[in-house]
Amino acid sequence: MPPIEIAVIRNADGWPDHFDALAERAVLAAIEGAKPKIKGAAEISILLTEDAEQRELNAQYRGKDSSTNVLSFPQIEPFGPVVGILGDITLARETLIREAQEQGVSLEDHFTHLVVHGFLHVLGYDHLVEAEALQMEGLETQILAGLGIADPYADEAV
């Protein structure tokens, strides 16, 4: 596999140092699970931020005036070749902490799930319609299982 550079950038305090390694592990697992067409060296940026900045990004790019757990900004065509600058993934610390507590999962597992989720968006996966959601969630579940993380969708109504 050609090299992929995973740049973890911190725009907020409070993110544990070991999350760099978790992000790398999640991206590599998503590549292994999704099996995209890798055509050469690639780079993905993962921005670790706070709710205020995430809210600004969500308002600016999605027209939603609220924070959200993860945003993805793909720079490649959906399901196209993986090469060059792939895009950016941003994660909001306070939202992740709150959601992990509400879901009764570790912050590490929730973070890993959302990096995988965000990276699949970069590759072209989406969940706007039910069939696509089932495909994406199934792939996420498979990737996370390979990392020893429980199915994050197990308790959702079918």
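Quick summary incoming for the structure in this document. (Residues numbered from 1 in each chain as written. Predicted model: local features only at pLDDT ≥ 70, side-chain atom pairs only at ≥ 80, totals over all residues. Heavy atoms only, no water.)

Side note on the packing of aromatic side chains
Phase 1: As enumerated under the stated definition, the model contains five aromatic pairs in all.
Phase 2: Consider the rings of Phe19 and Phe111, whose centres lie 4.5 Å apart with planes at 45°: the pair is tilted. Here Phe19, found in helix H1 (residues 19-34), pairs with Phe111, found in helix H4 (residues 107-123); they are 92 residues apart in sequence, far enough to count as distant. Both residues of the pair, Phe19 and Phe111, count as buried.
Phase 3: By the ring-pair criterion, three or more aromatic residues cluster together here, those being Trp15, Phe19 and Phe111. (Phe/Tyr/Trp six-rings, centres within 6.5 Å; stacked < 30°, edge-to-face > 60°. Helix = DSSP H or I, 4+ residues; strand = E, 2+ residues; numbered from the N terminus. Buried < 20%, exposed > 50% of the residue type's maximum accessible area, 1.4 Å probe, protein only.)

So, the nonpolar core
Phase 1: Counting residues in hydrophobic clusters, the biggest one holds 39 residues, and the most contacted among them are Leu91, Phe111 and Phe119.
Phase 2: When residues of this core are traced back to their parent elements, those giving at least two are strand E1 (4-10), H1, strand E2 (38-49), strand E4 (82-92), H4 and helix H5 (130-146).
Phase 3: The greatest single-element share of this core, amounting to nine residues, is contributed by H1.
Phase 4: Dropping the residues within four chain positions of it, Phe119 is found in contact with Ile4, Val27, Ala30, Ile31, Ile44, Leu86 and Ile89. (Core = buried A, V, L, I, M, F, W, Y, C linked by side-chain atoms within 4.5 Å. Contact = heavy atoms within 4.5 Å.)

Some remarks on the sheet that holds E4
Phase 1: Ordered in space as E1-E2-E4-E3, the four strands form an open sheet in which the pairing is mixed. Looking at the sheet topology across the chains shown, the edges are occupied by E1 and strand E3 (70-74). Strand-to-strand twist across the sheet, computed as the mean angle between neighbouring axes with direction ignored, equals 15°.
Phase 2: Relative to E4, E3 runs antiparallel, the two sharing five bridges. Within E4, the position partnered with Phe73 by the bridge is Asp88.
Phase 3: Helix H3 (residues 93-103) rests against E2 and E4 of the sheet, and its axis sits at about 70° to E4.
Phase 4: On the sheet, H4 packs against E1, E2, E3 and E4 and is oriented at approximately 140° with respect to E4. (Pairing = 2+ DSSP bridges. Axes fitted to C-alpha atoms, helices over the stretch in contact; angles between N-to-C directions.)

Details of the layout of surface pockets
Phase 1: The space that makes up the largest pocket amounts to roughly 870 Å³.
Phase 2: Forming the boundary of the largest pocket are 37 residues, of which Asn69, Leu114, His117, His127 and Tyr153 lie nearest the centre.
Phase 3: Counting residues per element, the lining of the largest pocket draws most heavily on H4, at seven residues.
Phase 4: Grouping the amino acids of the lining of the largest pocket by side-chain chemistry returns 17 nonpolar, 10 polar and 10 charged. (1 Å grid on protein atoms, 1.4 Å probe; cavity = no way out; pocket = protein on both sides within 12 Å on 5 of 7 lines; lining within 4 Å. Points joined across faces, edges and corners; volume = space filled by probe spheres on them. Nonpolar A, V, L, I, M, F, W, Y, C, P; charged D, E, K, R; others polar.)

Some details on the environment of Leu91
Phase 1: By the secondary structure assignment, Leu91 is in strand E4.
Phase 2: Sequence-distant contacts of Leu91, defined by excluding residues within four places in its chain, comprise Trp15, Ile46, Leu47, Leu48, Thr49, Gln54, Asn69, Val70, Leu96, Phe111, Leu114 and Val115.

Some thoughts on the pattern of salt bridges
Phase 1: Within the structure shown, the criterion is met by three salt bridges.
Phase 2: Between Arg10 and Asp20 there is a salt bridge whose closest N-O contact spans 2.5 Å. Here the residue Arg10 occupies a position in strand E1, and Asp20 occupies one in helix H1, the gap between them amounting to 10 residues.
Phase 3: Between Arg98 and Glu102 there is a salt bridge, with its nearest N and O atoms 3.7 Å apart. Taken together, the positions of Arg98 and Glu102, both in helix H3 and four residues apart, correspond to about one turn of that helix.
Phase 4: Taking the relative accessible area as the measure of exposure, Arg98 reaches 40% and is therefore partly exposed.
Phase 5: A relative accessible area of 60% means that Glu102 is categorised as exposed. (Salt bridge = Lys/Arg side-chain N within 4 Å of Asp/Glu carboxyl O.)

Some thoughts on the environment of His117
Phase 1: Here His117 shows up in helix H4.
Phase 2: The exposure class assigned to His117 is buried, which follows from its relative accessible area of 10%.
Phase 3: As for His117 and Ala41, which are separated by 76 residues in sequence, their C-alpha atoms are 21 Å apart.
Phase 4: Not counting chain neighbours up to four residues away, the residues in contact with His117 comprise Val70, His127, Met136, Glu140 and Tyr153.

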